[in-house]
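Understanding the architecture of this molecule
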Amino acid sequence: YNDPTLYISLATIYTEEKDTNKALSYIEIGRQRFDSNRDLMNEELDLYIKRGNTDALLAKIDKAIESDPERDMLYYIRGNLFEKKKNYDKAIADYKKVIELNPDNFDAQYNIGAVVFNQGAEIINAASNIKDDAKYQKEKKRGEDKIKESLPFLERAHEINPKDLNTMSILKQLYVRTNSTEKYNQIKAEMEAAK
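Throughout this description, residue numbers start from 1 for each chain and increase along the sequence as written. Per-residue local features are limited, in this predicted model, to residues with pLDDT of at least 70; the limit for side-chain atom pairs, both in listing and counting, is 80 or more; totals at the level of whole chains, interfaces and linings are taken over all residues. Calculation of side-chain values draws on the structure's entire complement of heavy atoms; hydrogens and water are dropped beforehand.

1. What to know about helix α6 (residues 88–101)
Helix and strand assignments come from DSSP, with helices taken as H or I runs of at least 4 residues and strands as E runs of at least 2, each series counted from the N terminus. Under the convention used throughout, the expected extent of a helix is 1.5 Å for every residue step, that is, one less than its residue count. With 14 residues, α6 ought to run about 20 Å at 1.5 Å a step, and its terminal C-alpha atoms sit 20 Å apart, in line with that. Along α6, the positions that sit buried rather than exposed are Ala91, Ile92, Asp94, Tyr95, Val98 and Ile99. Down the axis, α6 shows its buried residues gathered within 165 degrees of arc, on one side only. Of the exposed residues in α6, those oriented more than 90 degrees away from the buried face are Asp89 and Glu100. Here the term buried applies to any residue with accessible area under 20% of the maximum for its type, exposed to any over 50%, and partly exposed to those in between, with areas from a 1.4 Å probe on protein chains only. Working note: the arc is built from the helix axis to C-beta atom directions.

2. As for helix α3 (residues 38–50)
Compared with an ideal rise of 1.5 Å per residue, which puts 13 residues at 18 Å, α3 spans 18 Å between its outermost C-alpha atoms and is within 8% of the ideal. Pairs of N or O atoms within 3.5 Å make up the polar contacts considered here, provided that, within protein, one atom can donate a hydrogen while the other can accept it, and that residues adjacent in sequence are counted only when both atoms are side-chain atoms. Two or three places before Asp39, at the opening of α3, Asn37 has a side-chain oxygen 3.0 Å from that residue's backbone nitrogen.

3. Notes on unusual backbone geometry
Positive phi values are uncommon outside glycine, yet Lys86 reaches one of about 65 degrees. With respect to the element layout, Lys86 can be found in the loop between α5 (72–84) and α6. A relative accessible area of 61% places Lys86 in the exposed class. Notably, Asn179 is not glycine yet its phi reads approximately 55 degrees, a positive angle. As for its position among the elements, Asn179 is in the loop between α10 (165–177) and α11 (181–194).

4. A closer look at the layout of surface pockets
Of the voids in this model, the largest pocket is the one considered here, and its volume is about 240 Å³. Only α2 (20–33), α4 (54–67) and α5 provide two or more residues apiece to the lining of the largest pocket. The element that contributes the greatest number of residues to the lining of the largest pocket is α4, accounting for 4 residues. Asp, Glu, Lys and Arg are counted as charged, while Ala, Val, Leu, Ile, Met, Phe, Trp, Tyr, Cys and Pro are counted as nonpolar; the rest, among them Gly, fall into the polar class. Here the lining of the largest pocket is built from residues that sort into 5 nonpolar, 1 polar and 6 charged. The pocket and cavity definitions rest on a 1 Å grid over protein atoms only: a 1.4 Å probe that fits but cannot leave marks a cavity, an open set with protein on both sides within 12 Å along at least five of seven lines marks a pocket, and residues lining either have an atom within 4 Å of a point. Grid points are joined across faces, edges and corners, and a volume is the space filled by probe spheres set on the points.

5. Brief notes about the nonpolar core
Only buried Ala, Val, Leu, Ile, Met, Phe, Trp, Tyr and Cys residues count toward a nonpolar core, and they belong to the same one when joined by side-chain atoms within 4.5 Å. Ile27, Leu40, Leu57 and Tyr95 are the most contacted members of the largest nonpolar core, which totals 32 residues. Breaking this core down by element, the ones donating at least two residues are α1 (4–16), α2, α3, α4, α5, α6 and α7 (106–127). Among the elements that make up this core, the one with the highest residue count is α5 (7 residues). Setting aside anything within four residues of it in sequence, one finds Ile27 in contact with Tyr7, Ile8, Ala11, Leu40, Glu43, Glu44 and Leu47. Core analysis: the second largest hydrophobic core is formed by 16 residues, Ala114, Ala157, Met168 and Tyr175 among them. By definition in these notes, contact holds between two residues if any of their heavy atoms fall within 4.5 Å.

Structure (structure tokens):
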């Protein structure tokens, strides 16, 4: 069939019936036909994670990268898997490789920005438990600096896909945090126009 959603639907049915082997077989058939379809890739990742086979999937991806090191989607898949495993440094490294191979890849730009933004937010949240004001201020600044690192990636993602509301929402928060009033007003107007 010439529609990737069919394979996802079949996989969903078998997943609900607790037959992840059959679900994965349909996803693999779909991936053979639509190898760059992100929904199929994400479904495959989720199934491997549900099965506890993340190491098997990583080995599969590593082997594919060895045979085709210029294929950006392989790094994207591996980066996504590392992100789900909360191995953020490796995820960011793979997303950066995607951008090196394909600077117009929206998902890699967005994912780096989101991961780095979330890392900064976690540092700030953890800092709120620090009683010593000097230590609190130091950690808070470290978190804010980390959040600022996400800005160029999210702005590039917004250039690539100016209609994505998630990107605009994070940029809006960033512009508030960085006192970028003009950029804040611009992104706010874009969000209102996109609704």
